[in-house]
Amino acid sequence: MTQAELRLCSLLLQEHFGEIVEKVGNSLLRTGPRPLRLLVGDTGLLPDQVKKALCVLIQHNLARYEVQPRGSVEYEARSERILRILRYPRYIYTAKTLYGDPGELLVEELLLHGHLPMSCAVARVANRLTETMEDGKTMDYTEVSSTFVRLADTHFIQRCPTVPESPRDAKAPPPPAPALAIAEKDMYTVPRLSLHGKGKRRHSCDEDEEREHKAKKQKQEGGNSETPPDDGIYWQVNLERFHQHFRDQALVSAVASRMDQTSSEVVRTMLRMSEVTTASGASHTQPLSSNEIFRALPAGYNIGKQVLDQYLALLADDPLEFVGKSGDSGGGTYSVNLHKALVSLATATLESIVEERFGSRCARIFRLLLRKKHLEQKQVEDFAMIPAKEAKDMLYRMLSENLVSLQEIPKTPDHAPSRTFYLYTVNVMAAARMLLHRCYKETPREVPACGGHPGLHAGHGG
């Protein structure tokens, strides 16, 4: 983990959860997995404070724990998950675009609390929506719960792992920490709840205090507060599914700009058909026949089967290879090549950055190196048709920025410069990682402006 990432993670934890959580999180990020005893010593906090901070981190999936063979429990911060806090506004905005106001507020509530039962999330959102409505109007629970079901069906939210119910020997000591698990078939299964009711408006401060006082008094007296019907079933936001949606949108936009709107709609249909069945890290989508794609096209697209086959052939023959074809029986099957498409998108982004920073001539050299893979300086000058001095200066500028790299191939074992080939090349993955690191380095300047409540800037793409 780089210093820039560590600094950004610490800043995000402080902005969203306060100094105590930031101290505990920062200690775990710097030192790796640690038991509670060492965390208390390293942070200088009270054991109770460290425990509460760990509870907050685990609640929001920003840390995990693991029972060691000797019985101790070690806690580990999840840096990649902490950095995802930066995308909270984008997740919320996407939910609003796809599922309207109820979807937006459901995702916001789940991100704000880490995880919630369905009944609790539905009640909170219904109350918030009622607040924004005209006097006399209220939001019905059934409308919010139907949106909740749609979010689960499309895998944008998922159930949290729970302690499996298994018979345990009464004499055996309890484990140091519970092992959480959930079956894949249950991950998106919504419990059948009859949630009836309407959203309530917030009362005055005095009434709120009085109601809270009564609730506390009832709890102290052991009053039997009603247990929610889905007690113990918690839900969280499935961030990977949102990333999959962002990736699909980028691919559809790329196809639209390269070909036309109909081609992009064909690719969108293919991605939509396999969005739930394709794993987030898969290299290809599920293979689909042209008949299946034809039947799944939106009603507004009145194109014939023959025209669709022509579009699929064009997409499969395109040099970028966004769509691949396999087999010929029954017209063959088609799938979207996700890995190649993402590499092409990353390459296009790098090209635009080079052109923006160094001009069109540098971009010409950069594209030349991408196409030819390895070139000597003299070959770059000849192919790009740029004067030697200018080409040398441009190559060195890009080399100093780590956008291109230099590979040495010696003719003899002594590596003498006069008997060595010096080849310029572009390592797309290394250049992309370098730019990502720069983003992490620059982001802390912007965090204080958008920190705090994750929904404050939900109107921005983020």
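From a predicted model like this one, the values you see are computed outputs, not experimental measurements. (Residues numbered from 1 in each chain as written. Predicted model: local features only at pLDDT ≥ 70, side-chain atom pairs only at ≥ 80, totals over all residues. Heavy atoms only, no water.)

(A) Up close: the pattern of salt bridges. For the structure on display, the rule yields 21 salt bridges. Taking the shortest distance from any N to any O, the salt bridge between glutamate 401 and arginine 357 comes out at 3.5 Å. Residue glutamate 401 is found in the loop between α17 (388-400) and β10 (405-410), and its partner arginine 357 is found in helix α14 (residues 338-358); the two are separated by 44 residues along the sequence. Here glutamate 401 falls in the buried class, since its relative accessible area comes to 18%. A relative accessible area of 42% means that arginine 357 is categorised as partly exposed. (Salt bridge = Lys/Arg side-chain N within 4 Å of Asp/Glu carboxyl O. Helix = DSSP H or I, 4+ residues; strand = E, 2+ residues; numbered from the N terminus. Buried < 20%, exposed > 50% of the residue type's maximum accessible area, 1.4 Å probe, protein only.)

(B) Local environment of the packing of aromatic side chains. Applying the stated criterion to the full structure yields 7 aromatic pairs. Taking the centre distance of 6.1 Å and the plane angle of 0 degrees together, the rings of tyrosine 91 and phenylalanine 246 count as stacked. Separated by 155 residues along the polypeptide, tyrosine 91 in helix α6 (residues 88-113) and phenylalanine 246 in helix α10 (residues 239-258) bring together distant segments of the chain. Given a relative accessible area of 0%, tyrosine 91 falls into the buried group. For phenylalanine 246, a relative accessible area of 10% translates into the label buried. An aromatic cluster is defined as three or more aromatic residues linked by ring pairs; in this entry it consists of Tyr88, Tyr91, Tyr99, Phe156, Phe242 and Phe246. In this structure, arginine 90 packs its charged tip against the face of phenylalanine 246, placed 3.9 Å from the ring centre. Directly above the aromatic system of phenylalanine 156 lies the positively charged group of arginine 241, at a separation of 4.4 Å from the ring centroid. (Phe/Tyr/Trp six-rings, centres within 6.5 Å; stacked < 30°, edge-to-face > 60°. Lys NZ or Arg CZ within 6 Å of the ring centre and 35° of its normal.)

(C) Looking closely at helix α7 (residues 118-132). The terminal C-alpha atoms of α7 lie 22 Å apart, and with 15 residues this matches the ideal 21 Å at 1.5 Å per residue to within 8%. Within the sequence span of α7, burial applies to Met118, Ser119, Ala121, Val122, Ala123, Val125, Ala126, Leu129 and Thr130. Those residues of α7 that are buried are in contact with α6, β4 (116-117), α8 (141-153) and β6 (234-237). (Expected span 1.5 Å × (residues − 1). Contact = heavy atoms within 4.5 Å.)

(D) Summary view of the sheet that holds β4. In space, the 3 strands of this open sheet follow the order β4-β6-β5, with antiparallel pairing throughout. Only two strands of the sheet have a single partner each, and these edge strands are β4 and β5 (157-159). The pairing of β5 with β6 spans 3 bridges and is classified as antiparallel. Paired with isoleucine 157 across the two strands is valine 237, which belongs to β6. (Pairing = 2+ DSSP bridges.)

(E) Region of the structure containing the pairing of β6. Two elements, β4 and β6, share 2 bridges in a ladder whose sense is antiparallel. Paired with leucine 116 across the strands is tryptophan 235, a residue of β6.

(F) The arrangement of the sheet that holds strand β8 (residues 323-326) in detail. Across the sheet, which stays open at both edges, the 3 strands sit in the order β7-β9-β8 with antiparallel pairing between neighbours. The sheet is open, and its two borders are formed by β7 (288-289) and β8, each paired with just one other strand. Where β8 meets strand β9 (residues 333-336), 4 bridges bridge the pair, whose relative direction is antiparallel. Its bridge partner lying in β9, valine 323 is registered against valine 336. Against the sheet, helix α11 (residues 261-273) engages β7, β8 and β9, with an angle of about 85 degrees to β9. (Axes fitted to C-alpha atoms, helices over the stretch in contact; angles between N-to-C directions.)

(G) The arrangement of the pairing of strand β3 (residues 73-77) in detail. Burial along β3 is one-sided: Val73, Tyr75 and Ala77 are buried, while Glu74 and Glu76, pointing the other way, are not. Sheet analysis places strand β1 (residues 34-35) next to β3, joined by 2 bridges and oriented antiparallel. For arginine 34, the partnering residue across the bridge sits in β3 and is tyrosine 75. Judged from the 5 bridges that link them, strand β2 (residues 63-67) and β3 form a sheet pairing that is antiparallel. Counted as the bridge partner of glutamate 66 is glutamate 74 from β3. What sits between β2 and β3 in their antiparallel hairpin is a turn of 5 residues, with glycine 71 showing a positive phi close to 105 degrees.

(H) Main features of the packing of α6 against α8. Axis separation between α6 and α8 bottoms out at 9 Å; the angle between their running directions is 85 degrees. The angle between the axes of α6 and α8 places the two elements in the roughly perpendicular class. On α8, the residues touching Leu98, Tyr99, Pro102, Gly103, Leu106 and Val107 of α6 are Val144, Thr147, Phe148, Arg150 and Leu151. Of the residues in the contact of α6 with α8, the class split is 8 nonpolar, 2 polar and 1 charged. (Parallel < 35°, antiparallel > 145°, perpendicular 65-115°, else oblique. Nonpolar A, V, L, I, M, F, W, Y, C, P; charged D, E, K, R; others polar.)

(I) Looking closely at the nonpolar core. By size, the foremost hydrophobic cluster in this structure holds 60 residues, and its most contacted members are Val24, Ile82, Tyr91, Val107, Leu111, Val144 and Trp235. It is α6 that contributes the most residues to this core, 10 residues altogether. Once you skip the residues sitting within four places of it in the chain, tyrosine 91 turns out to touch Arg84, Val107, Leu111, Leu239, Phe242, His243 and Phe246. Residues Val354, Leu370, Met394 and Met398 belong to the second largest nonpolar core, which totals 26 residues. (Core = buried A, V, L, I, M, F, W, Y, C linked by side-chain atoms within 4.5 Å.)

(J) Local environment of the packing of α7 against α8. Viewed as axis vectors pointing N to C, α7 and α8 meet at an angle of 125 degrees, and their least axial separation amounts to 9 Å. Considering the angle they form, α7 stands oblique to α8. Judged by the sense of rotation from one axis to the other, the crossing of α7 with α8 is right-handed. Across the interface between the two elements, Met118, Ala121, Val122, Ala123, Val125, Ala126, Asn127 and Leu129 from α7 touch Tyr141, Val144, Ser145, Phe148 and Val149 from α8. For the contact of α7 with α8, a count of residues per class yields 11 nonpolar, 2 polar and no charged. (Left-handed = near helix turned anticlockwise from the far one by under 90°.)

(K) Summary view of the side chain of asparagine 337. The topology assignment puts asparagine 337 in the loop between β9 and α14. At 3.2 Å, the side chain of asparagine 337 and the backbone nitrogen of lysine 340 are in polar contact. Beyond its immediate chain neighbours, meaning those up to four positions away, asparagine 337 contacts Ser283, His284, Glu321 and Phe322. (Polar contact = N/O pair within 3.5 Å; in protein donor to acceptor, adjacent residues only side chain to side chain.)

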